[in-house]
Amino acid sequence: MSQLVMHVDLDAFYASVEQRDHPEWHGRPVVVGAKPGKRGVVATCSYEARRYGVHSAMPISEAARRLPADTVYVRPRMADYVRVSAKIMDVLESVVSPVVEKVSIDEAYLDVSGLERLIGTPEMVGRKAKEAIRGAVGLSASVGIGRNRLIAKLASDYEKPDGLTVVTPEQTQAFLDPLPLSVLRGVGVKTAPLLRQMGLRTVADVRRTSLEELRSRLGAQSGTHVYEQARGNASSAVYAVTERKSISKESTYNEDVTDPEVLRDTLRWAAQEVGYLGRREGYKGRVVTLKIRFRGFDTHTRSRSLSVPTANDLEIFRAAWALFESEDWAGKPVRLIGLGISGWGRPADLQEDLFSAKDEALQGEQEILDEALDEISRKFGRGSVQRGLSRRKPSP
Ligand code: TTP
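Residues numbered from 1 in each chain as written. Predicted model: local features only at pLDDT ≥ 70, side-chain atom pairs only at ≥ 80, totals over all residues. Heavy atoms only, no water.

Draft legend 1. Molecular detail of the site of the ligand. Neighbouring the ligand are 18 residues; A12, T44, Y47, R50 and D106 lie closest to it. In the environment of the ligand, an oxygen atom lies 2.8 Å from a nitrogen or oxygen atom belonging to the backbone of A12. Contact between the ligand and F13: an oxygen atom at 3.0 Å from a main-chain N or O atom of the residue. For the ligand, whose free accessible area comes to 570 Å², the fraction covered by protein is 84%. Residue assignment for the shell around the ligand shows that the elements contributing at least two residues are β1 (5-10), α1 (13-21), β3 (42-45), α2 (47-50) and α12 (260-281). (Near = heavy atom within 4 Å. Polar contact = N/O pair within 3.5 Å; in protein donor to acceptor, adjacent residues only side chain to side chain. Areas by Shrake-Rupley, 256 points an atom, 1.4 Å probe, with all protein chains shown as cover. Helix = DSSP H or I, 4+ residues; strand = E, 2+ residues; numbered from the N terminus.)

In structure tokens form, the structure reads like this:
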């Protein structure tokens, strides 16, 4: 039986929830994120707004310059998005396949191997997933199916929004060949220019390059990885719940960012995503890691250890922000920022416990608060609760 992986990705997730809940906003540009006139970023925007070149992580000031007067700007309602996400994941698990790996609030991989007798062809499996999501929460998702994670993810991107793309093993090479080489995993800011210098543009170009040459130009590990992917070879393992080593989220800016408020906004969002996944899958991390890349791929990670493992949004955000503030980075142009948790239940003495002064009772409270928030969101949904973050509401 051949392996089959499905990737599900909701379309313009936060913005679609907003349009669903405000039918009068259908067909209009909707921006979820900071309010114009304030500092901060676009968390996401509806496809109507994307026509103006607006996208996630763009400073709101720039988005407002580009968008027409009838644009709707809303602050994120995280509690609602979390509730909707939980419903989506539950319905995928019960209706499509029990092996669901949630990779973010609106994205999951499913192992859909061997579902022919239960559901039918891969197209029927994909359609079933889309219909189940629409039936449960009234939203559209893009679905891709392929022989591994790489192909499934590229397939879900292929016809976004509301797409369904199945790439059979026989079609894999023809599907990959014309795509730009940047679609390959690990081909980022460092490797892509190297490959372009070699005159390569597409996956087909990479495929026609020998393993020896790729290894000598990119390094043995990276060269082999790229070589294999250009032939459609990648991991097809889908981890339902366990076996994560870390949970992380990062965002790359189209243009470098120096405004600390924008960086804070992105880290708040990343902490909400990581906290959400951690709580949902029963992980608490003792180590919080901040990742930052400056202009010119100068990448740094900084970690700190907490006295008690956590999956609390606020704790994660605060630890990461404290890491940022403890460095002399103010004013440096940032290309990418993100954070993660790891070290499940690892003893604190492995690393210096910088947070030992933190009151454990307070941590307990935070946890209860998080659980209550998740529970309330599940039960009551819209208009329920949002956690306040110091001076202002949290925003992704
Ligand atoms: P994505 O899946 O990256 O994007 P999307 O669902 O909005 O749109 P697409 O149709 O292109 O998949 O992100 C999921 C949600 O995460 C998104 O709705 C808002 C949030 N988000 C942020 O808050 N900040 C960010 O920088 C990014 C990338 C996403």
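Right, picking up where we left off after that structure.
Draft legend 2. Representation of the packing of helix α4 (residues 78-96) against helix α5 (residues 122-137). Interhelical geometry of α4 versus α5 gives an angle of 140° and a closest axis separation of 9 Å. With respect to their mutual orientation, α4 and α5 come out oblique. For α4 against α5, the interelement crossing comes out right-handed. Side by side, α4 and α5 meet where V84, K87, I88, V91, L92, V95 and V96 of the first sit next to V125, K128, A129, A132, I133, A136 and V137 of the second. Partitioned by chemical class, the residues of the contact of α4 with α5 number twelve nonpolar, no polar and two charged. (Axes fitted to C-alpha atoms, helices over the stretch in contact; angles between N-to-C directions. Parallel < 35°, antiparallel > 145°, perpendicular 65-115°, else oblique. Left-handed = near helix turned anticlockwise from the far one by under 90°. Contact = heavy atoms within 4.5 Å. Nonpolar A, V, L, I, M, F, W, Y, C, P; charged D, E, K, R; others polar.)

Draft legend 3. Layout of α1. The element α1 is largely enclosed, with a buried count of eight among its nine residues. Three or more residues of α1 are buried, namely F13, Y14, A15, S16, V17, E18, Q19 and D21. (Buried < 20%, exposed > 50% of the residue type's maximum accessible area, 1.4 Å probe, protein only.)

Draft legend 4. A look at the pattern of salt bridges. Following the criterion strictly, the structure yields 24 salt bridges and no others. Note that R217 and E213 form a salt bridge whose closest N and O atoms lie 3.6 Å from each other. Of the two residues, R217 and E213 are both situated in helix α10 (residues 211-218); the distance of four residues between them amounts to about one turn of the helix. With a relative accessible area of 33%, E213 lands in the partly exposed category. In this structure, R295 engages D256 in a salt bridge whose closest nitrogen and oxygen atoms are separated by 2.6 Å. Residue R295 is found in the loop between β10 (285-294) and β11 (298-310), and its partner D256 is found in strand β9 (residues 246-257); the two are separated by 39 residues along the sequence. For R295, a relative accessible area of 55% puts it in the exposed group. The exposure class assigned to D256 is partly exposed, which follows from its relative accessible area of 25%. Residues joined by salt bridges that share partners form a network here, namely E18, R20, D21, R77 and D80. (Salt bridge = Lys/Arg side-chain N within 4 Å of Asp/Glu carboxyl O.)

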